[in-house]
Amino acid sequence: MDTALDLSNPEGALDLDNIRFQLIRLEDTITFHLIERVQFPLNAAIYDPDKLPIPSYNLALPPNLSLADYMLSETERLHSLVRRYDAPDEHPFFPQVLQRPIMQPIKYPTILHPNNVNVNSTIKDKYITEILPEACRDFGRTDRGETKENYGSAACCDIACLQALSRRIHFGKFVAESKFRKETERFVKLIKAVDRQGIDEAITNAAVEKKVLERLRLKAKTYGTDPSLSAAVNDRKEKINIEAVVKMYAQVVIPLTKVVEVEYLIQRLKGTEWE
Ligand SMILES: C=C(O[C@@H]1C=C(C(=O)O)C=C[C@H]1O)C(=O)O
């Protein structure tokens, strides 16, 4: 898969303004994917392999999967054939199903330090247990109940949401590398002391986080309304629970991005002269 981050030029890829531009761009992607998903009710059965078991036939996976896991793992298996997961900004939810690509490998310049940071299982868990229930919660409309006919469509929307959330959160590696190169001595000291709290404080930029949440609230409100309708009608027919989008970033996206930054930095000295 081609990546939106220009990885051919390592300097540019580690320029913090460039990375932040990508993070802002992903706000649109994530918000629109969530708007698509919340057309359907939560349809909790698609996340429960006991309620709706799907035989996986893949020895690397449990015999029965939830519909959501089945579709996500099959999507990743297909996408790995076209080398999606060779890109340093892509991380699989099911690494055990990846296949050898059918296309020539792309030689990406080495930008990040070797690491095994992957928080996708936490992303998926929080998406199912926190983000979706809040986003799907009906806001002022009648209860939509389950809609069995939309199980597949809802799971397809989930794949788009999860892949965009994973990219956004794992961009934390590029942010961390950029900050490490800017303040190497400071981070070497914190990493040698395995001071996760100190590293977290050092990578935190409260002003940027505040701006992210303010922008998300505005985007969710704007993207969730139809410009051709009056404000009164739009209030009644908003396409997305605005507070759910802000909460998603405040309670999941930003904290997990910082976990990725901290855990990437904890591994940063391995095999270097600082070790
Ligand atoms: C991503 C960055 O690192 C941290 C995480 C942020 C986020 O996830 O939005 C914003 C600011 C920082 O606290 C950054 O500095 O831009």
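The structure contained in this document is the topic of the report that follows. Because the structure is predicted, anything quoted here is derived from the model rather than measured. (Residues numbered from 1 in each chain as written. Predicted model: local features only at pLDDT ≥ 70, side-chain atom pairs only at ≥ 80, totals over all residues. Heavy atoms only, no water.)

**Considerations on the overall build of the protein chain**
A tally of regular secondary structure across the protein chain gives 11 helices and 2 strands. Listed N to C, the secondary structure of the protein chain is α-α-β-β-α-α-α-α-α-α-α-α-α in terms of helices and strands. Expressed along its principal axes, the backbone C-alpha trace of the protein chain runs to roughly 60 × 50 × 35 Å. Taking all 275 residues of the protein chain together, the buried fraction comes to 47%. Looking at the protein chain as shown, the accessible area adds up to about 14,000 Å², and 55% of this sits on carbon and sulfur atoms. Counting 38 positive and 40 negative side-chain charges, the protein chain places the averaged centre of each group 1 Å from the other. (Helix = DSSP H or I, 4+ residues; strand = E, 2+ residues; numbered from the N terminus. Buried < 20%, exposed > 50% of the residue type's maximum accessible area, 1.4 Å probe, protein only. Areas by Shrake-Rupley, 256 points an atom, 1.4 Å probe, with all protein chains shown as cover. Lys, Arg positive; Asp, Glu negative; His and termini not counted. Charge placed at Lys NZ, Arg CZ, Asp CG, Glu CD.)

**Description of the nonpolar core**
In terms of nonpolar packing, the biggest core is built from 50 residues, with L34, I123, Y127, L165, M248 and Y249 touching the most fellow members. Listed in part, the 28 residues of the second largest apolar core include L14, L112, A176 and Y264. (Core = buried A, V, L, I, M, F, W, Y, C linked by side-chain atoms within 4.5 Å.)

**Description of the site of the ligand**
Neighbouring the ligand are 15 residues, the closest being R20, R168, K179, E209 and E261. A distance of 2.8 Å is found between an oxygen atom of the ligand and a side-chain nitrogen or oxygen belonging to K179. Here E261 contributes a side-chain N or O atom positioned 2.8 Å from an oxygen atom of the ligand. For the ligand, whose free accessible area comes to 360 Å², the fraction covered by protein is 99%. Of all the elements in the fold, those that place two or more residues in the shell around the ligand are α2 (16–37), α6 (172–182), α9 (206–223) and α11 (242–266). Classifying every residue of the shell around the ligand by side-chain character gives 6 nonpolar, 3 polar and 6 charged. (Near = heavy atom within 4 Å. Polar contact = N/O pair within 3.5 Å; in protein donor to acceptor, adjacent residues only side chain to side chain. Nonpolar A, V, L, I, M, F, W, Y, C, P; charged D, E, K, R; others polar.)

**Let's talk about the packing of aromatic side chains**
Under the defined criterion, the tally for this structure stands at 3 aromatic pairs. With a centroid separation of 5.8 Å and an interplanar angle of 55 degrees, the aromatic rings of F171 and F174 are classed as tilted. With relative accessibility at 0%, the residue F171 sits in the buried group. (Phe/Tyr/Trp six-rings, centres within 6.5 Å; stacked < 30°, edge-to-face > 60°.)

**A few points about helix α3 (residues 67–81)**
End to end, α3 covers 22 Å across 15 residues, agreeing with the expected 21 Å (1.5 Å per residue, within 8%). When we look at burial in α3, the residues that qualify are L67, A68, D69, M71, L72, S73, T75, E76, H79 and S80. Here the buried face of α3 lies against β1 (54–55), β2 (64–65), α4 (120–136) and α5 (151–170). Positive backbone phi, at 60 degrees, marks R83, one or two positions downstream of α3. (Expected span 1.5 Å × (residues − 1). Contact = heavy atoms within 4.5 Å.)

**What about the side chain of E76?**
For E76, the position within the fold is in helix α3. Here E76 is buried and forms no salt bridge, its nearest opposite-charge partner R84 lying at an N-O distance of 6.8 Å. Within the structure, the side chain of E76 is placed 2.8 Å from the backbone nitrogen of F93, a separation counted as a polar contact. Apart from residues lying up to four places away in sequence, E76 is in contact with Y85, H91, P92, F93, F94, V97 and L98. (Salt bridge = Lys/Arg side-chain N within 4 Å of Asp/Glu carboxyl O.)

**Comments concerning the packing of α2 against α6**
At a minimum axis distance of 10 Å, the contact between α2 and α6 shows a crossing angle of 165 degrees. When the interaxial angle is binned, α2 and α6 end up roughly antiparallel. Here the hand of the crossing between α2 and α6 comes out left-handed. Contact residues: α2 offers L16, I19 and L23, while α6 offers F174, V175, S178, K179 and K182. Of the residues in the contact of α2 with α6, the class split is 5 nonpolar, 1 polar and 2 charged. (Axes fitted to C-alpha atoms, helices over the stretch in contact; angles between N-to-C directions. Parallel < 35°, antiparallel > 145°, perpendicular 65-115°, else oblique. Left-handed = near helix turned anticlockwise from the far one by under 90°.)

**A word on the state of the cysteines**
One pass over the structure, following the stated rule, counts 0 disulfides. C161 takes part in no disulfide bond, and the closest cysteine sulfur to it belongs to C157, at a distance of 6.7 Å. (Disulfide = S-S within 2.5 Å.)

**Describing the pattern of salt bridges**
The full count for this structure, using the stated rule, is 20 salt bridges. Two residues, K179 and E261, come together in a salt bridge whose shortest N-O distance is 3.4 Å. With K179 in helix α6 and E261 in helix α11, this pair connects stretches of sequence that are 82 residues apart. Between R196 and E263 there is a salt bridge, with its nearest N and O atoms 2.8 Å apart. On the criterion of sequence distance, the pair formed by R196 in helix α8 (residues 196–203) and E263 in helix α11 is long-range, its members being 67 residues apart. What makes E263 partly exposed here is its relative accessible area of 22%.

Distances and angles like these do not, on their own, reveal function.
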